[in-house]
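Here is what each chain is made of, one letter per residue.
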2 protein chains.
Amino acid sequence: MASNLQQTMLDAIETELQQQVARLDSPRTKNFHEMLTYHMGWSGEGAGPQATGKRIRPLLTLLSVSSSSKEEKQQGIIMNWLRAVSVAASIELVHNFSLVHDDIQDNSEYRRGRKTAWVKWGSPMAINVGDALFVIANQAVLDLQKHYPAEMVVRAAGILSNCCLELTQGQYLDMSYEERTDLTIDDYWPMIGGKTSALLSACTQIGALLGYAQNEKVELYRLFGYHLGLAFQVQDDILGIWGDEMLTGKSAASDLVEGKNSLPVLFGLEKNGEFAKRWKQGPITEDEVADVAKLLEREGGKIYAEQVSESETQKALDYLDQADPQGEAGEALLGLANMLLKRKQ
Amino acid sequence: MASNLQQTMLDAIETELQQQVARLDSPRTKNFHEMLTYHMGWSGEGAGPQATGKRIRPLLTLLSVSSSSKEEKQQGIIMNWLRAVSVAASIELVHNFSLVHDDIQDNSEYRRGRKTAWVKWGSPMAINVGDALFVIANQAVLDLQKHYPAEMVVRAAGILSNCCLELTQGQYLDMSYEERTDLTIDDYWPMIGGKTSALLSACTQIGALLGYAQNEKVELYRLFGYHLGLAFQVQDDILGIWGDEMLTGKSAASDLVEGKNSLPVLFGLEKNGEFAKRWKQGPITEDEVADVAKLLEREGGKIYAEQVSESETQKALDYLDQADPQGEAGEALLGLANMLLKRKQ
């Protein structure tokens with residue numbers, strides 16, 4: 001359940017996102033605009049809350065602004081976080097740009113139960129849809145100048161751009177790993193650091209920056225986001241192999257069937273036992289998936305990943321604790337982290 | 001022949017581009033870095049000056065900085081334009097990002113006589129190469145902060161981002177036109193405005209801005225770049241049908257064979273005569289290309305395009321004249337414009 005504050009933020013985020021994307025809403029590019037609104041979950045078949053995603057990243061950003069801001073704490077009613085809503089939208093647009101291109105690159109036909117952009121309009125159009133989302137993300141971050149001095153705008157844009165470079169590096173590593181059979185656990189962190197943690201740490205870092213927090217506090221927020229991202233990704237990796245649907249339903253979505261180089265898999269490859277032998281022989285079929293998952297569990301892949309996830313979770317929560325987030329937003333931030341890490345408070 | 005000043009600028013541009021792209025030159029992403037250096041023309045088979053392209057856009061940017069800058073004129077030896085070299089590189093990177101994605105979208109196997117990125121490494125990798133070039137373009141523009149106040153950086157980044165949105169709109173129109181047979185000349189300008197003129201006008205506008213020119217002068221530089229882009233594109237369209245190689249060599253590169261919706265073609269379609277009839281029947285083969293080109297010329301397509309090109313050229317040169325560019329850079333700017341417009345001074 002989202003708190004009142006969270007719901008207010010989510011509404012503001014959605015409104016801002018729609019206004020940003022409306023830059024394409026002109027008579028000649030109406031269909032182009034619709035491609036973006038379809039992907040964002042607002043139009044077309046299956047549109048609605050299930051199609052938009054949870055907007056975790058912009059929410060994390062605004063909660064970081066609000067919980068790190070002294071003024072917010074003192075004055076209570078002033079919604080300082082609203083001044084930063086354009087950068088929250090920017091981060092969500094970056095995330096969605098990467099999803100649209102990712103779906104083409106991975107040949108994924110569905111996302112959140114709906115056909116992906118390239119399936120509906122072909123790859124050439126979908127490449128351009130992703131590009132446009134990225135361009136609008138760049139425009140959105142500059143809109144900060146309405147409420148912040150230019151120095152802050154440049155700093156926020158710099159953090160976001162550096163994070164985007166890490167995204168492309170993580171994406172490169174992920175694709176280049178597909179052909180390799182000599183991977184070890186050491187290969188995991190730079191890939192995941194780029195693909196997942198870079199953007200989450202940008203959310204919390206930029207958030208604290210725009211809350212006018214001191215440099216030390218901004219760094220603590222950044223570290224919180226970074227380890228939150230790692231913990232979240234490792235947990236996702238565990239569920240991708242041993243989640244309920246994976247084992248019972250012979251799900252084609254199992255990371256084992258998809259050949260994903262997740263942390264448990266890299267643990268198994270490094271161990272170089274029975275699992276590694278089977279993995280190197282070629283794609284795992286849906287019929288085998290339950291047995292191979294058990295094999296990897298016996299060899300220690302599951303426990304290892306659980307330990308890593310637990311340790312990263314602890315780091316994330318420790319940094320958040322040190323950052324000392326304030327007020328209702330501070331509580332909501334802790335709640336959101338716990339929700340993401342599937343922990344009971 | 002490039003003047004001394006132009007050559008000095010071109011050398012500085014190439015050095016800056018290499019430094020910007022080197023952001024990816026880390027042990028884990030060495031191959032990724034090489035994909036970018038290959039596309040930029042610095043590495044791999046066929047690397048060298050023919051492979052890099054002419055760097056017209058960054059040159060136009062730096063000449064605009066220098067020729068619009070009062071200080072430059074007065075002090076002569078101070079190379080104020082060097083302070084703006086990172087944004088010149090940024091614009092060239094945006095151009096190259098669009099080329100890499102364009103080649104995938106158009107299924108083009110060669111560019112400047114070399115295999116395109118997607119042919120060498122596959123579309124998924126090439127999409128990411130384009131994305132990385134765009135990200136580095138964003139980082140490069142922020143490097144302006146070393147030499148300019150943050151307000152100027154934000155303004156320059158804003159102009160560039162707006163131009164990028166126009167690029168994606170032009171690209172959308174271009175692709176959406178492929179399926180249409182009801183096009184008229186009115187459909188040409190928004191496509192070409194986005195695909196060619198937006199970036200050229202960003203060069204001259206940002207250049208004058210960073211030369212600390214007055215607003216009126218910045219606007220004149222922008223208009224110069226905009227009409228230069230239109231004139232240049234229309235001339236390119238003419239050569240794409242009636243250029244020497246097109247008619248003599250039964251070239252597969254003819255715009256008629258490729259089905260390109262260029263200005264002469266749209267003139268012919270609007271006229272709705274014999275040419276339009278043949279065009280709507282399906283792809284034109286290499287055997288027919290000389291006859292169809294003659295048909296379109298008889299119906300007035302060539303003369304019309306020549307008149308438009310002449311008129312846009314005149315507008316460009318008039319705006320440049322009003323902008324009153326100064327010094328050696330001013331002369332070089334006029335020379336570059338004349339060279340692009342294939343006119344004798």
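What you are looking at is a predicted structure, and each value in this text was computed from that prediction instead of being measured.

Right, let's talk about the overall build of chain A for a bit. Counting secondary structure elements, chain A contains 18 helices and two strands. Taken against the 2.2 N^0.38 rule, which gives 20 Å for 345 residues, the C-alpha radius of gyration of chain A at 21 Å falls within 12% of a compact globule. Over its C-alpha atoms, taken along the principal directions, chain A stretches across nearly 60 × 50 × 35 Å. In chain A, buried positions account for 59% of the 345 residues. Of the contacts made within chain A by residues no fewer than 6 positions apart, 72% connect residues no fewer than 24 positions apart.

With 13 residues, helix α4 (residues 56-68) of chain A ought to run about 18 Å at 1.5 Å a step, and its terminal C-alpha atoms sit 18 Å apart, in line with that. Burial of α4 of chain A is extensive: 13 of the 13 residues sit out of reach of the surface.

Time to look at the confidence of the model for chain A. Looking at chain A as a whole, its pLDDT mean stands at 92, while 94% of the residues score no less than 70. Overall fold confidence for the complex sits at a pTM of 0.95, while the interface term, ipTM, reaches 0.95.

With that settled, consider the domain arrangement of chain A. Residues and elements named next belong to chain A. By domain assignment, chain A separates into domain 1 (8-147) and domain 2 (180-327 + 334-340). With centres defined by C-alpha atoms, the gap from domain 1 to domain 2 works out at 24 Å. Listed as interface residues are 20 residues of domain 1 and, on the opposing side, 21 residues of domain 2. Note on domain 1 versus domain 2: buried area summed over both sides is about 1700 Å², and carbon and sulfur give 73% of it. On the domain 1 side of the contact with domain 2, L60, S67 and S68 bury the most area, a combined 31% of that side's loss. For the pair domain 1 and domain 2, the interface holds one salt bridge.

What follows concerns the relation of the copies chain B and chain A. Placing chain B over chain A gives an RMSD of 0.0 Å and needs a rotation angle of 180 degrees, together with 0.0 Å of translation along the axis. These values place the two chain copies in the arrangement generated by a two-fold rotation axis. Taking C-alpha positions as reference, the residue of chain B nearest the rotation axis is A150 of chain B, located at 2.6 Å.

Let us now look at unusual backbone geometry. In this structure, R112 of chain A takes a positive phi of about 50 degrees despite not being glycine. Phi at D324 of chain B takes a positive value of approximately 55 degrees, unusual for a residue other than glycine. The residue D324 of chain B is located in the loop between α17 (301-323) and α18 (327-340) in this model.

Contact geometry for helix α6 (residues 85-105) of chain A and helix α8 (residues 123-142) of chain B: axes closest at 9 Å, N-to-C directions at 155 degrees. One finds that α6 of chain A runs roughly antiparallel with respect to α8 of chain B. Crossing hand, α6 of chain A versus α8 of chain B: right-handed. Contact with α6 of chain A, carried on its side by F97, H101, I104 and Q105 of chain A, involves P124, I127, N128 and D131 of chain B of α8 of chain B and no other residues of that element.

The next subject is the pattern of salt bridges. For the structure on display, the rule yields 30 salt bridges over all chains. Residues R222 of chain B and E219 of chain B are paired through a salt bridge, measuring 2.9 Å at the closest nitrogen-oxygen approach. One end of the pair, R222 of chain B, and the other, E219 of chain B, are both in helix α11 (residues 215-242), three residues apart, so they sit about a helical turn from each other. Residue E219 of chain B is classed as partly exposed on the basis of its relative accessible area, which comes to 33%. One network of salt bridges, in which partners are shared, links R28 of chain A together with R180, D182 and D187 of chain B.

Residues and elements named next belong to chain B. Taking 1.5 Å of rise per residue, the 23 residues of α17 would be expected to cover 33 Å, and the 33 Å separating its terminal C-alpha atoms lies within 8% of that figure. Among the residues of α17, those classed as buried are G301, K302, A305, V308, S309, E312, T313, A316, L317, L320 and A323. Next to the buried residues of α17 lie α10 (188-210), α11, α14 (263-271), α16 (289-298) and α18. Directly after α17, the chain includes D324, whose backbone phi takes a positive value near 55 degrees.

The next point concerns a negative patch on the surface. Taken together, the side chains of D106, E178, E179 and E258 of chain A make up a negatively charged region of the molecular surface. Tracing the backbone through its elements, the reader meets E258 of chain A in helix α13 (residues 255-258).

Time to look at the environment of P283 of chain B. All names here are of chain B. Within the fold, P283 resides in the loop between α15 (274-280) and α16. Taking C-alpha positions, P283 is 7.8 Å from E258, a pair spaced 25 residues apart along the chain. When sequence neighbours within four positions are dropped, the list of residues in contact with P283 reads R278 and E288.

With that settled, consider the interface of chain B and chain A. At the interface, 46 residues of chain B touch 46 residues of chain A. Between chain B and chain A lies a buried interface of about 3900 Å² when both sides are counted; carbon and sulfur atoms form 69% of it. In this structure, the connection of chain B to chain A is made through two salt bridges. Remark: the boundary between chain B and chain A carries 13 residue pairs in polar contact (both at pLDDT 80 or more). Of all elements in the fold, only α2 (30-40), α6 (85-106), α8 and α9 (150-177) of chain B reach the threshold of two or more residues within the side of chain B that touches chain A.

Now for empty space enclosed by the protein. Over the atoms, a rolled probe matching the size of one water molecule traces out where space is still vacant. According to the stated counting rule, one finds four cavities of 30 Å³ or more in the structure shown. A volume near 160 Å³ is recorded for the largest cavity. Looking at the largest cavity, it is lined by 14 residues, and the ones nearest its centre are N138 of chain A together with N138, V141, A157 and S161 of chain B. Contributing elements (two or more residues each) for the lining of the largest cavity: α8 (123-142) and α9 (150-177) of chain A together with α8 and α9 of chain B.

Further remarks concern the packing of aromatic side chains. A ring pair, where both rings are aromatic, is described by two values, the distance of the centres and the angle of the planes. Considering all chains together, one arrives at 15 aromatic pairs over all chains under this definition. Among the aromatic residues, ring-to-ring pairing joins F97 and F134 of chain A together with F97 and F134 of chain B into one connected group. A cation over a ring is seen here: K120 of chain A above Y38 of chain A, with NZ or CZ 4.7 Å from the ring centre. Lying across the ring of W121 of chain A, K120 of chain A places its NZ or CZ 5.5 Å from the centre.

This part is about the state of the cysteines. All names here are of chain B. With the rule as written, the count across this model stands at zero disulfides over all chains. There is no disulfide at C163, and the cysteine sulfur nearest it, in C164, is 5.0 Å away. Cysteine C203 shares no disulfide, and the gap to the nearest cysteine sulfur, in C163, comes to 7.8 Å.

Cut-offs applied
Residues numbered from 1 in each chain as written. Chains lettered and ligands numbered in written order. Predicted model: local features only at pLDDT ≥ 70, side-chain atom pairs only at ≥ 80, totals over all residues. Heavy atoms only, no water. Helix = DSSP H or I, 4+ residues; strand = E, 2+ residues; numbered from the N terminus. Rg over C-alpha atoms; globule rule 2.2 N^0.38 Å. Buried < 20%, exposed > 50% of the residue type's maximum accessible area, 1.4 Å probe, protein only. Contact = heavy atoms within 4.5 Å. Expected span 1.5 Å × (residues − 1). pLDDT = per-residue confidence, 0-100. Domains from an automatic or database assignment. Buried area = accessible area lost by both parts, 1.4 Å probe. Salt bridge = Lys/Arg side-chain N within 4 Å of Asp/Glu carboxyl O. Least-squares fit on C-alpha atoms with pLDDT ≥ 70 in both. Axes fitted to C-alpha atoms, helices over the stretch in contact; angles between N-to-C directions. Parallel < 35°, antiparallel > 145°, perpendicular 65-115°, else oblique. Left-handed = near helix turned anticlockwise from the far one by under 90°. Patch = residues over 30% accessible without salt bridge, like charges linked within 9 Å, V, L, I, M, F, W, Y side chains within 5 Å. Areas by Shrake-Rupley, 256 points an atom, 1.4 Å probe, with all protein chains shown as cover. Lys, Arg positive; Asp, Glu negative; His and termini not counted. Charge placed at Lys NZ, Arg CZ, Asp CG, Glu CD. Polar contact = N/O pair within 3.5 Å; in protein donor to acceptor, adjacent residues only side chain to side chain. 1 Å grid on protein atoms, 1.4 Å probe; cavity = no way out; pocket = protein on both sides within 12 Å on 5 of 7 lines; lining within 4 Å. Points joined across faces, edges and corners; volume = space filled by probe spheres on them. Phe/Tyr/Trp six-rings, centres within 6.5 Å; stacked < 30°, edge-to-face > 60°. Lys NZ or Arg CZ within 6 Å of the ring centre and 35° of its normal. Disulfide = S-S within 2.5 Å.

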